[in-house]
Amino acid sequence: MKNKNISFDLYRYQILPRNRAFQPDLFGEIKNLEDLLAKKNQIFFQAILNVREFETRKTTIRHKILYQNQNQILYRFAANRSLRRETEQFTEEEIDNWPSFLVYIWNDPSEQFVAIQERWSAFQKTEVIAKSITEAVDEELGKSNLRAHAEALFLEAEFWGLIEQNKGKIRDIHFELITPNMSNISETLSEDLKDFAKHTNTAQTNLNIQADPDSSILLDPNDENLKGLVSYSSEGGGNISIKIRGLSKRIHTKKSKKHIDLTELEIDGKNPEELVRIIKGLLK
């Protein structure tokens, strides 16, 4: 019997100062912005370990830590999805049901990944869980003048394929860019854009390009500025939405999220430490 693939959607979080002009505590460990940025991952990790409950608007979530080391955590989450069924006595009863799924966090300063197992019986969209993670640490990070922003990784080729398929019909493109503080994924962005965002205390930059109503946007895949925006966004630096003539809804790049696949054989029977090693290896 063929082993079933189990997919994990990939997200990257960035940890940014809420206010770059903040006044540090003269008697605390953080003396300036550079100190804060150097310790941001340590602060984030402690905040995530202190979370007692992850929440969403409509569903109760339970969690337990299966494995942790100095910069990685493997969780098992479960969502309350109770079922109603009919009985032989012609009545209905509610059955407790908690479909579970794995969540992996890699808190290395140059990686900062969240991998969330797809489990449709728990949640149809993994971004609900990514959001619940950043919201769960928000108050604790706020005490240190920090905030975490998470975005899905997506396939660059999917974006350019969409552009090619709809040539002559693209009305506007909207970029939502998280101010970068991870040099390994922001090398493609112009220094002017990075400096402008930091000097203006900006957490997110919105860039909208729009054609005349009777025309369409012309996009050159070889344009360095455009390539940089798409490449940075695809690595979890932001989201891109596209308006195409004839379609009522905008198309978002997060619809083509990057994912890693494991088989049931790779998961079943593995101890959590071994499973972490496998997931980390796939992310590398």
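Quick caveat: nothing in here was measured; it's all calculated off a predicted structure. (Residues numbered from 1 in each chain as written. Predicted model: local features only at pLDDT ≥ 70, side-chain atom pairs only at ≥ 80, totals over all residues. Heavy atoms only, no water.)

1. What to know about the sheet that holds strand S12 (residues 251-252)
The strand order across the open sheet built from four strands is S10-S9-S11-S12, with neighbouring strands paired in antiparallel fashion. Of all strands in the sheet, those with a lone pairing partner are strand S10 (204-210) and S12, marking the two edges. The pairing of strand S11 (residues 238-244) with S12 spans two bridges and is antiparallel. Counted as the bridge partner of Ile242 is Ile251 from S12. Across the sheet, helix H4 (residues 156-165) touches strand S9 (170-178), S11 and S12, and the angle it forms with S11 is around 15 degrees. Each of S9, S10 and S11 is contacted by helix H7 (residues 224-237), which is oriented at about 55 degrees to S9, the strand it contacts most. (Pairing = 2+ DSSP bridges. Helix = DSSP H or I, 4+ residues; strand = E, 2+ residues; numbered from the N terminus. Contact = heavy atoms within 4.5 Å. Axes fitted to C-alpha atoms, helices over the stretch in contact; angles between N-to-C directions.)

2. Section: empty space enclosed by the protein
One way to see where empty space is left: roll a probe the size of a water molecule over the atoms. Taken as a whole and judged by the stated rule, the model has three cavities of 30 Å³ or more. What the largest cavity holds in volume is close to 60 Å³. Lining the largest cavity are Leu177, Ile178, Thr179, Pro180, Leu189, Leu193, Lys194, Ala197 and Thr205. When residues of the lining of the largest cavity are traced back to their parent elements, those giving at least two are S9 and helix H6 (191-199). At three residues, the largest contribution of residues to the lining of the largest cavity is made by H6. (1 Å grid on protein atoms, 1.4 Å probe; cavity = no way out; pocket = protein on both sides within 12 Å on 5 of 7 lines; lining within 4 Å. Points joined across faces, edges and corners; volume = space filled by probe spheres on them.)

3. Some details on a positive patch on the surface
On the surface, Lys125, Lys249, Lys254 and Lys255 cluster together into a positively charged patch. The topology assignment puts Lys255 in the loop between S12 and strand S13 (259-263). (Patch = residues over 30% accessible without salt bridge, like charges linked within 9 Å, V, L, I, M, F, W, Y side chains within 5 Å. Areas by Shrake-Rupley, 256 points an atom, 1.4 Å probe, with all protein chains shown as cover. Salt bridge = Lys/Arg side-chain N within 4 Å of Asp/Glu carboxyl O. Lys, Arg positive; Asp, Glu negative; His and termini not counted. Charge placed at Lys NZ, Arg CZ, Asp CG, Glu CD.)

4. Some points on helix H1 (residues 33-49)
Taking 1.5 Å per residue as the helical rise, H1 with its 17 residues ought to reach 24 Å, and the 24 Å between its terminal C-alpha atoms agrees with that figure. Residues of H1 that are buried include every one of Leu33, Leu36, Lys40, Asn41, Ile43, Phe44, Phe45, Ala47 and Ile48, and no others. Its buried side turned inward, H1 meets strand S1 (5-17), strand S3 (72-79), strand S6 (100-106), helix H2 (127-136), helix H3 (138-142) and strand S8 (146-152). You can read the cap of H1 off the contacts: a side-chain oxygen lies 3.2 Å from the backbone nitrogen of Glu34, and it is on Asn32. (Expected span 1.5 Å × (residues − 1). Buried < 20%, exposed > 50% of the residue type's maximum accessible area, 1.4 Å probe, protein only. Polar contact = N/O pair within 3.5 Å; in protein donor to acceptor, adjacent residues only side chain to side chain.)

5. Quick word on the pattern of salt bridges
In total, this model carries 13 salt bridges according to the counting rule given. The partner of Glu224 in a salt bridge is Lys227, with the nearest N and O atoms 3.6 Å apart. On the criterion of helical spacing, the pair formed by Glu224 and Lys227 is a turn pair, its members being three residues apart in helix H7. The network of salt bridges with common partners includes Arg12, Glu235 and Lys258.

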